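Topology and contacts: notes
Next come the chains, spelled out residue by residue.
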Amino acid sequence: MIAQVIVDVVHTNVDKPFSYLVPQEMNVAVGMRVSVPLGRRQVDGYIVQLLLDDQLPVGLPLEKMRPLTKVLDEYSAILPAMLELAKEIAEDAHCPLAETLRLMLPPAMRSGRIQRQMDKYAELADGVNAEEEAQKQKRAPKRAMLLRLLADGKPHAVSDLSQIVANPRDALKVLDEAGLIKLSKQEVFRAPDGAENEVRSTAPKLTYGQKEALGAMIPSLKEGKGAFLLHGVTGSGKTEVYLDMVRETLAMGRGSIILVPEIALTPQMIRWFRNRFGPETAVLHSRLTDGQRYDEWRRIRLGYARVVVGARSAIFAPIEKLGLIVIDEEHEQTYLSDKHPRYDARHIAMSRTMREGGTLVLSSATPSILSFAMARRGDYTLVEMPDRVNERPLPEVTIVDMRHELEAGNRSIFSILLIQKLKECMDRGEQAMLFLNRRGFNTFISCRSCGYVVKCEQCDLSLTLHREPGKNDPGKLRCHMCGAEKAPPTICPECGSKYIRFFGSGTQRVEEEMHKLFPSVKTVRMDIDTTRGRDAHAKLLGEFGEGRAQVLIGTQMIAKGLDFPRVTLVGVIAADMTLNLPDYRAQERTFQLITQVAGRAGRADSSGEVIVQTYKPDNPCILAAADQDYRAFFEMEFSRRRAGLYPPFTMLARMLVESEREVDAKEMAERLYETIQTFILSHPAQKKRVLLVRMDEAPVKRIRGQHRYHVLLKLFDHADTAPLLRLMSEMSNLSNDHCKIYCEVNPATMM
Ligand code: ADP
Ligand code: ZN
Ligand code: ZN
């Protein structure tokens, strides 16, 4: 037999299968990882096809072929369906197959750094009466005790035994040699943190809305097909719908994947699944240790765990019989990968469920414009849950015009109404959440006399002041792009004046003002700065969840999916923050954030109130968010996109060039621009489909000392433009030592 192998080396030169002889005694299958000779090197690779000797590709003499060196696992690491998927992504992203195959494996598996963990086990030998034998061991109390511990006939980990009997190894060896016990080695799977504290729970009585939604989806699930967009308002009980579908899927003997935006922010979600499905649940995300990730991956691959909860990359979980994929909060940007090869997890999910015969559920209270438009077009079946669980009302939202606050002499970042509502909420002993999508203390430092703005030396961005609330320390200026820090200036570096002023507020400032206004109230702040440690999220959320703090202050981290029954007040400190972003999705982001964060209030028996502070109280997307009227927002935004020819009506693509020297970046961008223009002009079919080609400095001109230029294209997604996109993708190979070129199609951000 001959194995066709893709070697695990990312280079276009080797992006084709190589042929190797399979030695007689070697057991192989498609998808197995193998070690093979390549030139003078030994490299890893994947078997992508097996051929019989007489199917040999022409021009390849059998005598010259080298044999496979060895197989690396005893099973196929890449399942057949995943191999097809890897090929499809490689084609779409115009990149080598070896690169997309890497997406399918835990990183530590490829490096070979990770070992299985084997534990020693002891159990009573067949037919041995433990008590009788123990009594004979009069001189050896350790042995007697061990025999009694093993009396139940079950295997016990030696590490567990040693908790009771100190240093049991010698005694065990003697018992083993006497034939009284058996020693063995068994693999143990390293479990993710928290896996041990599961409390089994059962499903509550489903609400009418939940039953309706399930009724619409379960028939397709049973037939192994269908793609749904589940649009359910915040607090409508969508999680319970997922749980029920997963239960149904397990009953069919199939597995499920549930994607969540960021696992650290949704520890509650994992808990719900563990409590319902116990060890059938596996989690996959980047905060696991290498060992935990490898073991969870193998528990899935070997079929021990058939319910996978995870972040974006869990979409590649090696479930053999896939029945269901749920994407929670489908509108989140985190589902678009920002690393090469780029992919959209929603797209992969669709491809997997179609190929493997499963059902796809995209779910959100604020679906992306793209997904909702697709549902209208019939690509997804729309299922709606318009009411909260148990007829709880949606929270009442009040918009506060911050321009009037200034006029009324209130210079605080809290409006008078918000202060009053906070006071009432604290007096009632309930909890509040304050949302501001900016971290740090002040976000903008400038000179009042000459207008100088303090910027990062390496990036074209203004610096943010970070200062721990309540401390008398001047703090540090920090760049949110590269992390560079410096001391805040006291006089203007430009004109020498001492009128340096600090503007703009971040979460630290909110915390400080909160302490000034309510000295006795305990607060918890959640932003990137307070959540660096591995368990930081869980700790902070725990502190708030258990009521040790009354107010949770945070960035968009606190907008997602949290379910705290005692929260009755939500304050949005500055609703317009995201509106001013230079991105066609700014309106969509703003609507989503406000609606989501508002949805954290009043989720249990007490009703919720939301105060939205803004300088643009008439902005239609803020108004729609205040009404929590998704349809109204969708119609408005959809027409705006149509009129302005923005996605989903068109697509945006760009070639980004980065270089240490500005002229290099600019010249390269000009060269790319010329090539693209020439290509378009010489292909008349494309000309009609391309709306815009422009060469410019990128919106952020410099990052980490790299000057940035881009060639921006707006074009229709059409068969005619495919060759242009391929050309652009190939041009990224022109990258050289002093110029990096990236091709981005509909990127998550366009800085
Ligand atoms: P969503 O994700 O739609 O915002 P969740 O799934 O978080 O909503 O559910 C909101 C709250 O309602 C949770 O506290 C959940 O435990 C509760 N809940 C969900 N379904 C039921 C039910 N059938 N009966 C009682 N409580 C429920
Ligand atoms: Zn100045
Ligand atoms: Zn910087």
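Structural notes, computed from the coordinates. (Residues numbered from 1 in each chain as written. Chains lettered and ligands numbered in written order. Predicted model: local features only at pLDDT ≥ 70, side-chain atom pairs only at ≥ 80, totals over all residues. Heavy atoms only, no water.)

**What to know about the sheet that holds strand β2 (residues 18-21)**
Taken together, five strands build an open sheet; the order of strands is β2-β1-β4-β3-β5 and the sheet is antiparallel. Of all the strands in the sheet, the pair left with one neighbour each is β2 and β5 (70-71). Where strand β3 (residues 33-38) and β5 come together, two bridges link them in antiparallel fashion. Across the sheet, Ser-35 pairs through a bridge with Lys-70, a residue of β5. (Pairing = 2+ DSSP bridges. Helix = DSSP H or I, 4+ residues; strand = E, 2+ residues; numbered from the N terminus.)

**Considerations on the packing of helix α18 (residues 586-598) against helix α19 (residues 620-627)**
Where α18 meets α19, the axes come as close as 9 Å, and the angle between the chain directions of the two elements is 25°. One element, α18, and the other, α19, form an angle in the roughly parallel class. For the pair α18 and α19, the crossing hand works out as right-handed. Contacts between α18 and α19 involve Gln-587, Thr-590, Phe-591, Ile-594 and Thr-595 from the first element and Cys-621, Ile-622, Ala-624 and Ala-625 from the second. Across the contact of α18 with α19, the residue classes break down as six nonpolar, three polar and no charged. (Axes fitted to C-alpha atoms, helices over the stretch in contact; angles between N-to-C directions. Parallel < 35°, antiparallel > 145°, perpendicular 65-115°, else oblique. Left-handed = near helix turned anticlockwise from the far one by under 90°. Contact = heavy atoms within 4.5 Å. Nonpolar A, V, L, I, M, F, W, Y, C, P; charged D, E, K, R; others polar.)

**Section: the coordination of the zinc ion (ligand 3)**
Around the zinc ion (ligand 3), the protein contributes the donor atoms Cys-456 (SG), Cys-459 (SG), Cys-479 (SG) and Cys-482 (SG), which lie 2.3 to 2.4 Å from the metal centre. For the zinc ion (ligand 3), the four donor atoms are set out with angles of 107 to 111° between them, so the coordination reads as tetrahedral. For the zinc ion (ligand 3), the donor residues sit on a single chain with the sequence spacing C-x2-C-x19-C-x2-C. Taken together, the positions of Cys-459 in the loop between β18 (442-447) and β19 (464-466) and Cys-482 in the loop between β20 (476-478) and β21 (485-486) put the pair 23 residues apart, joining distant regions of the chain. (Donors = N, O, S within 2.8 Å, 3.2 Å for Na, K, Ca; no water. Tetrahedral: all angles 85-135°; square planar, octahedral: opposite > 155°, others 65-115°.)

**With respect to the packing of helix α21 (residues 662-681) against helix α23 (residues 722-731)**
Packing of α21 against α23 leaves a shortest axis separation of 11 Å and a crossing angle of 160°. Put simply, α21 runs roughly antiparallel to α23. At the point where α21 passes α23, the crossing takes the right-handed sense. Residue-level inspection shows Leu-672, Thr-675, Ile-676, Phe-679 and Ile-680 of α21 in contact with α23, the latter providing Pro-723, Leu-724, Leu-727, Met-728 and Met-731. Across the contact of α21 with α23, the residue classes tally to nine nonpolar, one polar and no charged.

**Some points on the site of ligand 1**
The environment of ligand 1 is formed by 18 residues, the closest being Lys-205, Gln-210, Gly-235, Thr-239 and Asp-563. Note that an oxygen atom of ligand 1 is positioned 3.1 Å from one of the backbone N or O atoms of Gly-237. Contact distances for ligand 1 include 2.9 Å between an oxygen atom and a side-chain N or O atom of Arg-603. Considering ligand 1 on its own, with 570 Å² of exposed area, one finds that the protein chains cover 80% of that surface. At three residues, helix α9 (residues 238-251) tops the list of elements feeding residues into the shell around ligand 1. Tallied by class, the residues present in the shell around ligand 1 amount to four nonpolar, eight polar and six charged. (Near = heavy atom within 4 Å. Polar contact = N/O pair within 3.5 Å; in protein donor to acceptor, adjacent residues only side chain to side chain. Areas by Shrake-Rupley, 256 points an atom, 1.4 Å probe, with all protein chains shown as cover.)

**Side note on the environment of Thr-590**
Among the structural elements, Thr-590 can be located in helix α18. Judged by its relative accessible area of 1%, Thr-590 falls in the buried class. Once the C-alpha coordinates of Thr-590 and Cys-621 are considered, the two residues, 31 residues apart in sequence, prove to be 7.3 Å apart. Setting aside residues up to four positions removed in sequence, Thr-590 forms contacts with Ala-575, Thr-578, Leu-579, Cys-621 and Ile-622. A polar side-chain atom of Thr-590 sits 2.9 Å from a polar atom in the side chain of Thr-578. (Buried < 20%, exposed > 50% of the residue type's maximum accessible area, 1.4 Å probe, protein only.)

**Let's talk about the nonpolar core**
Residues Phe-316 and Leu-552 are the most contacted members of the largest nonpolar core, which totals 91 residues. In terms of residue count, the dominant contributor to this core is helix α1 (residues 80-93) (six residues). Sequence-distant contacts of Phe-316, defined by excluding residues within four places in its chain, comprise Met-82, Leu-85, Ile-89, Leu-103, Met-104, Tyr-343, Ile-348 and Arg-352. Among the nonpolar cores identified, the runner-up in size contains 30 residues, and Ala-213, Val-241, Val-260 and Met-269 belong to it. (Core = buried A, V, L, I, M, F, W, Y, C linked by side-chain atoms within 4.5 Å.)

**Comments concerning the coordination of the zinc ion (ligand 2)**
The zinc ion (ligand 2) binds to the protein through Cys-447 (SG), Cys-450 (SG), Cys-492 (SG) and Cys-495 (SG); the donor distances cover 2.2 to 2.4 Å. Considering all four donor atoms around the zinc ion (ligand 2), the spread of angles at the metal, 108 to 111°, places the coordination shape in the tetrahedral class. Spacing between the donor residues of the zinc ion (ligand 2) along their common chain follows C-x2-C-x41-C-x2-C. In this pair, Cys-450 sits in the loop between β18 and β19 while Cys-495 sits in the loop between β21 and β22 (500-505), placing the two residues 45 residues apart along the sequence.

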